[in-house]
Amino acid sequence: MILLACTATPTKLPNSPSPISSPNQTRFTFSSYPNSNSNTNQSLSLGHAAKYTDPIVTWTSSIAHHCKSGHLVKAAAEFVRMREADVEPNYITFITLLSACAHYPSRASISFGTTIHAYACKLGFHVNDVMVGTALIDMYAKCARVDSARLVFDHMGARNLVSWNTMVDGYMRNGRIEDALQVFDGLPLKNAISWTALIGGFVKKDYHEEALECFREMQLTGVEPDYVTVITVIAACANLGTLSLGLWVHRFVMTQGFRNNVRVSNSLIDMYSRCGCIELARQVFDGMRHRTLVSWNSIIVGFAVNGLADEALNYFNSMQKEGFEPDGVSYTGALTACSHAGLVDEGLRIFENMKRVSRIALRIEHYGCLVDLYSRAGRLEEALDVLKNMPMKPNQVVMGSLLAACRTQGDIELAENVMIYLIDLATGGDSNYVLLSNIYAAAGKWDGANKVRRRMKERGIQKKPGFSSIEIDSNIHKFVAGDKSHDDNDHIYAALELLSFELQLCGYVPDFYEKESYEDD
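Residues numbered from 1 in each chain as written. Predicted model: local features only at pLDDT ≥ 70, side-chain atom pairs only at ≥ 80, totals over all residues. Heavy atoms only, no water.

**Remarks on the overall build of the chain**
Phase 1 of the analysis: Scanning the chain from terminus to terminus reveals 27 helices and four strands.
Phase 2 of the analysis: For the chain, the proportion of its 521 residues judged to be buried stands at 42%.
Phase 3 of the analysis: Contacts in the chain between residues at least 24 apart in sequence constitute 59% of all its contacts with a sequence separation of at least 6. (Helix = DSSP H or I, 4+ residues; strand = E, 2+ residues; numbered from the N terminus. Buried < 20%, exposed > 50% of the residue type's maximum accessible area, 1.4 Å probe, protein only. Contact = heavy atoms within 4.5 Å.)

**Considerations on the environment of Arg-379**
Phase 1 of the analysis: Counting through the fold element by element, Arg-379 comes out in the loop between α20 (364-376) and α21 (380-389).
Phase 2 of the analysis: Along the backbone, Arg-379 and Leu-402 are 23 residues apart, and their C-alpha atoms lie at a distance of 9.9 Å.
Phase 3 of the analysis: The contacts of Arg-379, once residues within four sequence positions are left out, are Val-344 and Tyr-374.
Phase 4 of the analysis: Engagement of the side chain of Arg-379 in a polar contact is seen with the side chain of Glu-382, the distance being 2.6 Å. (Polar contact = N/O pair within 3.5 Å; in protein donor to acceptor, adjacent residues only side chain to side chain.)

**Comments concerning the side chain of Ser-401**
Phase 1 of the analysis: Mapping Ser-401 onto the fold places it in helix α22 (residues 396-409).
Phase 2 of the analysis: In this structure Ser-401 touches Val-371, Asp-372 and Ser-375, once residues within four positions along its chain are discounted.

**Considerations on the packing of aromatic side chains**
Centre distance and the angle of the planes are the two values used to describe a pair of aromatic rings.
Phase 1 of the analysis: Applying the stated criterion across every chain yields a total of 14 aromatic pairs.
Phase 2 of the analysis: Considering the side-chain rings of Phe-285 and Tyr-315, the 5.6 Å spacing of their centres and the 65° angle between planes classify their relative orientation as edge-to-face. Of this pair, Phe-285 sits in helix α15 (residues 278-286) while Tyr-315 is found in helix α17 (residues 309-321), placing the two residues 30 residues apart along the sequence.
Phase 3 of the analysis: Considering the side-chain rings of Trp-296 and Phe-324, the 6.2 Å spacing of their centres and the 45° angle between planes classify their relative orientation as tilted. Placement of Trp-296 in helix α16 (residues 293-305) and of Phe-324 in the loop between α17 and α18 (328-341) is noted, with a sequence separation of 28 residues between them.
Phase 4 of the analysis: Under the relative-accessibility criterion, Trp-296 is labelled buried at 3%. (Phe/Tyr/Trp six-rings, centres within 6.5 Å; stacked < 30°, edge-to-face > 60°.)

**Focus on the UniProt feature "repeat: PPR" (unreviewed entry) in the chain**
Phase 1 of the analysis: The positions UniProt marks with the feature "repeat: PPR" (unreviewed entry) are residues 55-89, 160-190, 191-225, 261-291, 292-326 and 327-361.
Phase 2 of the analysis: For the annotated span residues 55-89, helix accounts for 77% and strand for 0% of the residues, and the straight-line distance between the end C-alpha atoms is 10 Å.
Phase 3 of the analysis: End C-alpha to end C-alpha, residues 261-291 measures 10 Å, and it is 71% helix and 0% strand. (UniProt positions renumbered as here; feature names shortened; annotations may be inferred.)

**So, the packing of helix α19 (residues 344-356) against α20**
Phase 1 of the analysis: Two numbers describe how α19 lies on α20: the axes approach to 10 Å, and their chain directions differ by 160°. For the element pair α19 / α20, the angle class is roughly antiparallel. The handedness of the crossing between α19 and α20 is left-handed. Touching Val-344, Gly-347, Leu-348, Phe-351 and Met-354 of α19 are His-366, Tyr-367, Leu-370, Leu-373 and Tyr-374, all from α20.
Phase 2 of the analysis: In terms of residue class, the contact of α19 with α20 is built from eight nonpolar, two polar and no charged. (Axes fitted to C-alpha atoms, helices over the stretch in contact; angles between N-to-C directions. Parallel < 35°, antiparallel > 145°, perpendicular 65-115°, else oblique. Left-handed = near helix turned anticlockwise from the far one by under 90°. Nonpolar A, V, L, I, M, F, W, Y, C, P; charged D, E, K, R; others polar.)

**Some words on unusual backbone geometry**
Phase 1 of the analysis: Phi is positive for Asp-86, close to 60°, though the residue is something other than glycine.
Phase 2 of the analysis: Relative to the helices and strands, Asp-86 is located in the loop between α2 (72-84) and α3 (91-103).
Phase 3 of the analysis: One non-glycine residue, Asp-206, adopts positive backbone phi at about 65°.
Phase 4 of the analysis: Following the sequence through the fold, Asp-206 ends up in the loop between α10 (192-204) and α11 (208-221).

**Some remarks on the pattern of salt bridges**
Phase 1 of the analysis: According to the stated counting rule, one finds 17 salt bridges in the structure shown.
Phase 2 of the analysis: Two residues, Glu-346 and Arg-349, come together in a salt bridge whose shortest N-O distance is 2.7 Å. Here Glu-346 pairs with Arg-349, and both are found in helix α19, just three residues apart, close to one helical turn.
Phase 3 of the analysis: Take Glu-346: its relative accessible area is 29%, and that puts it in the partly exposed class.
Phase 4 of the analysis: Using a relative accessible area of 46% as the deciding quantity, one classes Arg-349 as partly exposed.
Phase 5 of the analysis: For Glu-352, the salt bridge is made with Lys-355, and the minimal N-O distance between the two is 3.4 Å. Separated by three residues within a single helix, Glu-352 and Lys-355 lie in helix α19, roughly one turn from each other. (Salt bridge = Lys/Arg side-chain N within 4 Å of Asp/Glu carboxyl O.)

**Some points on α11**
Phase 1 of the analysis: Given a rise of 1.5 Å per residue, 14 residues ought to cover 20 Å, and the 20 Å separating the end C-alpha atoms of α11 matches this to within 8%.
Phase 2 of the analysis: Structurally, α11 contributes buried residues whose contacts are with α10, α12 (227-240) and α13 (243-254).
Phase 3 of the analysis: After α11 finishes, the residue Gly-222 shows a positive phi value of roughly 85°. (Expected span 1.5 Å × (residues − 1).)

**With respect to the environment of Cys-369**
Phase 1 of the analysis: Within the element layout of this structure, Cys-369 appears in helix α20.
Phase 2 of the analysis: Given a relative accessible area of 10%, Cys-369 falls into the buried group.
Phase 3 of the analysis: Linking Cys-369 and Cys-338, residues 31 residues apart in sequence, is a C-alpha distance of 9.1 Å.
Phase 4 of the analysis: Contact partners of Cys-369, with chain neighbours within four places excluded, come to Thr-332, Leu-335 and Thr-336.

**Observations concerning helix α4 (residues 107-123)**
Given 3.6 residues per helical turn, the α-helix brings residues three or four places apart onto the same face.
Phase 1 of the analysis: Here α4 spans 25 Å end to end across 17 residues, near enough to the 24 Å set by a 1.5 Å rise per residue.
Phase 2 of the analysis: Among the residues of α4, those classed as buried are Ser-109, Ile-110, Phe-112, Gly-113, Ile-116, His-117, Tyr-119 and Ala-120.
Phase 3 of the analysis: Its buried side turned inward, α4 meets α2, α3, α5 (125-128), α6 (130-142) and α7 (146-155).
Phase 4 of the analysis: Gly-124 sits one or two positions beyond α4 and adopts a positive phi of about 85°.

**Describing the environment of Glu-88**
Phase 1 of the analysis: Within the fold, Glu-88 resides in the loop between α2 and α3.
Phase 2 of the analysis: Assessed through its relative accessible area of 36%, Glu-88 is described here as partly exposed.
Phase 3 of the analysis: The sequence separation of Glu-88 and Leu-123 amounts to 35 residues, and the corresponding C-alpha distance is 9.4 Å.
Phase 4 of the analysis: Each residue touching Glu-88, except ones within four places of it in the same chain, is listed here: Ile-56, Met-82, Arg-83, Tyr-119 and Leu-123.
Phase 5 of the analysis: For Glu-88, the side chain forms a polar contact with the side chain of Tyr-119, separated by 2.8 Å.

Quick look at the structure:
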């Protein structure tokens, strides 16, 4: 018989000034006492050090789990229980909660975020910990409280480059461009992220020319752009239609380490498609080593908007054969292709397949494609039925498709019905009102055109001046009707007069009804 004696000796924990005894970290020594029936002494020694778990880590891990799942209320409740257990949060706890508030902005999240801010102030984290301070800036900026973000920024005891970049991004995100530039100019050091925050902010606010000018300045300073910068610049080129600069960016991509970056390639496909160079988009797609669903969607939509319906539908089918399940964007591309090609039956089949087989949640763009499909085919009553029965309010694009078809078909009665529907829905914007007024004017019904104009004035809607643009040597030149501010104004108008004279020789008669309709505005 063996009798075991257990003795516990305290061990020193890491970063502890002196040895302490812990129930989770003990060294056990087992010794055997001699048995009268045994001729030998046996000794057993077992060393065991159980892993010590800091309660802060346990609580923070639980909070992080709720935050990643998007359950901010549960994370807040867990934080309350953590405090009730007399466990103080550390900087990771604060960053986790503040990041969740920033990722899911709402009244509840900003309310909880300010509470966390107050507790961080109590413990001094807002001043002494640069990561917590930066998380506070990000949270307030993404919750549209950029002035509060600036207060945090100004009172930080120490700032790093991330803090500065976050403040720049916060201002750009909230449309405070002048303030963003002021902070950007004060940056002690500018890296690729700093420039990308500025460029990306310009692109999101539709200041694409300013974005490209900022990119040129970045190049002059010698800062190498990363793939995020390149994607942002490509988006600006796509929105402006600056093909020459887009080609330069593509050549730049080929010399860099991200030439095989899938996201960059997807952006190039989109840019070339929107610039009308669909064959270049196809070359990029065919040259990709790896493709994602976004890659397929980009090329399908590209073919569709460029009028190549057969190619779009072929790629739509090939995508499924390669194991990619189409999503809402895929179906939008396929429906657009059918609409442009007049393939009504095929479009209806795809729409039904999307609902019944793929069970994809239908969005407004899908109903818009259906309205456009009927409208382009001249089936206006069916288009109006879709518009009336769709589960959400139509937007300007959907209404515009039907009104444009009414103008093409000369269906004033249906256009008047659409106007009543438009007024009831209170759809904002000027384009559909202008289009409706032009329908009346084209038919010589000036009372109807004036009625639309009065309705616009009552609602404070003003007609936005249209403009055309052209790219020359990577520079965008914009022209508004009647504009004489361009440096080459005399040459431009001389060329226009020559073109006008040649058109008249060919029998062209200009249409003046739009000008007459708005001449007094």
